[in-house]
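Observations on chain architecture
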Amino acid sequence: MKFSTIGNTITLRQGETLQLSIHVQDSNDATIDYSGYTARMQVRADHTSSAILDIDSTSEITLGSSNPNIQINVAETVTKNLTAPFFGFYELELVSGGVVTKPLEGKFVIEPEVTK
C-alpha cells in the first residue's frame, strides 16, 4: 500500500491481524531509508483522549531501507480487545537523532467482529 503523507484511513476489523506494508518516498520518488530510526504510533478517539492502541518499533513496527520501508503488524490477540465500532485518528512518528517526523496520519476505523 502506497500512502500519501496525510489523510489515509486505516480500517481494521476487530479480531483480525493488522498488517500494513507502507512505501514512503521522497519528492523524487526515491524510497526513504528509515534504517536506524525508531517509530511510535498511537490511535485515539480525538487528539486529547487516551490512546486505545499504542505501538512502537520495539515490537509491532519494522523500519527499513527498501520497499516497503515501514511495516506494521499488530496481532489479533491485541485487536480483539479493541472497542468496536470505533472512529478516531492515528499518527505515526519516526525519530532519528532527536528529530521527530510525522510521515503518516489519518482516520482509524474499527469494525465490530461478528465471529468470535
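The structure under discussion appears in the preceding block.
Figured I'd write up the structure that's included with this text.

Here we look at the environment of Pro-112
Within the secondary structure layout, Pro-112 lies in the segment after strand E8 (99-111). Pro-112 sits in the partly exposed class, given a relative accessible area of 45%. Sequence-wise, Pro-112 and Leu-82 are 30 residues apart; in three dimensions their C-alpha atoms are separated by 9.2 Å.

Thoughts on the sheet that holds strand E7 (residues 86-96)
Read from one edge to the other, the open sheet built from five strands follows the order E1-E8-E7-E3-E4, with strand pairing classed as mixed. Among the strands making up the open sheet, the edge pair consists of strand E1 (10-13) and strand E4 (51-56). Neighbouring strand axes in the sheet, compared pairwise and without regard to direction, differ in orientation by 25° on average. Alignment of strand E3 (residues 38-44) against E4, held across five bridges, turns out to be antiparallel. Bridge assignment links Met-41 to a residue of E4, and that residue is Ile-55.

Some points on unusual backbone geometry
Residues Asn-67 and Pro-68 are joined by a peptide bond in cis, for which omega reads 0°. Along the chain, Pro-68 turns up in the loop between strand E5 (61-63) and strand E6 (70-74). For the bond from Ala-84 to Pro-85, the omega torsion is 0°, close enough to zero to count as cis. Residue position: Pro-85 is located in the loop between helix H1 (76-79) and E7.

Definitions and cut-offs
- Residues numbered from 1 in each chain as written.
- Predicted model: local features only at pLDDT ≥ 70, side-chain atom pairs only at ≥ 80, totals over all residues.
- Heavy atoms only, no water.
- Helix = DSSP H or I, 4+ residues; strand = E, 2+ residues; numbered from the N terminus.
- Buried < 20%, exposed > 50% of the residue type's maximum accessible area, 1.4 Å probe, protein only.
- Pairing = 2+ DSSP bridges.
- Axes fitted to C-alpha atoms, helices over the stretch in contact; angles between N-to-C directions.

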